[in-house]
Amino acid sequence: MTNENVINTTAATFEQDVIGVSHGKPVLVDFWAEWCGPCRSIAPILEQLAAELDGELLVAKVDTDVEQELAQAFGIRSLPTMMLFRHGKPVEQIIGAQPAAVIRAAVEKLLPRPATALVDAARAQLAAGDTEAAGRNLAEALALDPGDYTIHPLLANVHIRRGDYRAAEQLLEALPINVATDDAFAPVRATLQLARELPEDADRADLAQRPADDIEAQYLSGIMAAIDGDFDTALERLFDLIEQHRNWRDGAIHKTILDVFKLLDDDDPRLKTYRTRLARTLN
């Protein structure tokens, strides 16, 4: 391979080659083997695509005969399998020797758009709790590129953090149905479901002053913590409640815990821990 945008990666270098690089641009991981004819047929397609995009895409090849543990870690069962990584996570999988147009279309969805810099800045600001700055950047991004649907989940999250749940709902309602039902919006829908549990006059200061044995106050405080992104606090409060009041409001605590689970990333180690704890609590 003479293309600098196509590399070989191993279990030892995967974190640097793929996870690290994917925070700056898409990485297409090609799981292949020497004996696999279809793998050889798509290799030139991937090299050509990487060359055409010239630095906007990295293709990282994994020889599954050599890197068996790496292939097993990602559940590779057939070859060729291609996985696209962005922001440190696999976001799409392509199985089989698909036509060049199919592979290109999957990659192009992850390439920078006019508002990418603004969206990336807003994502960091939102993670830091600066909803005002995030909101300004996302509003500018949406005006610049209304068809960039990576903006909408973040902007809905800003509305939710501000307590403007109706604005978040209207944002989703205005989207094409195929976009609004995409998995990227699942956390937004789950957060809105949590928000619907809050009374319109819910006040944090008032809840904090209520007695520790006030079930409703602790329940609503847990929901607010989840909406704020403080999942550990939210789940600890909810678990404290469900251990003593499992059937309160026809299982509302159990349902809310499941809604909070939807806000955690699938690969978040806390998810397995809390699911196990829930199973033990309910048995």
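Asker: Describe in detail the sheet that holds strand β5 (residues 89-95), supporting the description with residues and values.
Answerer: What the 5 strands build is an open sheet, ordered β1-β3-β2-β4-β5; its pairing is mixed. The open sheet terminates on both sides in strands that have one partner only, identified here as β1 (6-8) and β5. Neighbouring strand axes in the sheet, compared pairwise and without regard to direction, differ in orientation by 25° on average. Looking at chain direction, β1 and strand β3 (residues 58-63) are connected through 3 bridges and run parallel. Looking at β3, one finds that Asn8 is bridged to Lys61. The sheet strands contacting helix α2 (residues 37-53) are β1, β2 (27-32), β3 and β4 (81-86), and the helix crosses β2 at an angle near 165°.

Asker: Can you break down unusual backbone geometry residue by residue, with the values?
Answerer: Peptide bonds are trans in most cases, and residues, glycine excluded, mostly fall at negative phi. Put simply, Leu79 and Pro80 share a cis peptide bond, and its omega is -5°. Along the polypeptide, Pro80 turns up in the loop between α3 (68-73) and β4. Although it is not a glycine, Asp54 sits at a positive phi angle of roughly 45°. With respect to the helices and strands, Asp54 occurs in the loop between α2 and β3. Even without glycine at this site, His87 takes up a positive phi of about 55°. Summarising the element assignment, His87 is placed in the loop between β4 and β5. In this structure His87 comes out as partly exposed when scored by relative accessible area, which is 29%.

Asker: Residues and numbers for the state of the cysteines, please.
Answerer: Scanning the model with the defined rule gives 1 disulfide in all. Linked covalently through their sulfurs, Cys36 and Cys39 form a disulfide whose S-S length is 2.4 Å. Disulfide Cys36-Cys39: the torsion about the S-S bond is 80°, which places it as right-handed. Since its relative accessible area comes to 3%, Cys36 is described here as buried. By relative accessible area, Cys39 is classed as buried at 3%.

Asker: How would you sum up the packing of helix α10 (residues 186-195) against helix α14 (residues 252-261)? Please name residues and give values.
Answerer: Across the interface, α10 lies against α14 with an axial gap of 9 Å and an inter-helix angle of 150°. Here α10 lies roughly antiparallel to α14, going by the angle between them. In terms of crossing hand, the pair formed by α10 and α14 is left-handed. Only Lys255, Thr256, Asp259 and Val260 of α14 make contact with α10, whose side of the interface consists of Ala190, Gln193 and Leu194. Partitioned by chemical class, the residues of the contact of α10 with α14 number 3 nonpolar, 2 polar and 2 charged.

Asker: Hey, could you go over the nonpolar core for me, with residue numbers and the actual values?
Answerer: Tyr219, Leu235, Ile253 and Ile257 are the most contacted members of the largest nonpolar core, which totals 55 residues. A total of 9 residues in this core trace back to one element, the largest contributor, which is helix α12 (residues 215-227). If we skip the residues at most four places from it in the chain, Ile253 touches Tyr219, Leu238, Leu241, Ile242, His245 and Trp248. Counting 17 residues, the second-largest nonpolar core is a separate cluster that includes Leu46, Ala50, Leu84 and Val107.

Conventions used here
Residues numbered from 1 in each chain as written. Predicted model: local features only at pLDDT ≥ 70, side-chain atom pairs only at ≥ 80, totals over all residues. Heavy atoms only, no water. Pairing = 2+ DSSP bridges. Helix = DSSP H or I, 4+ residues; strand = E, 2+ residues; numbered from the N terminus. Axes fitted to C-alpha atoms, helices over the stretch in contact; angles between N-to-C directions. Contact = heavy atoms within 4.5 Å. Buried < 20%, exposed > 50% of the residue type's maximum accessible area, 1.4 Å probe, protein only. Disulfide = S-S within 2.5 Å. Parallel < 35°, antiparallel > 145°, perpendicular 65-115°, else oblique. Left-handed = near helix turned anticlockwise from the far one by under 90°. Nonpolar A, V, L, I, M, F, W, Y, C, P; charged D, E, K, R; others polar. Core = buried A, V, L, I, M, F, W, Y, C linked by side-chain atoms within 4.5 Å.

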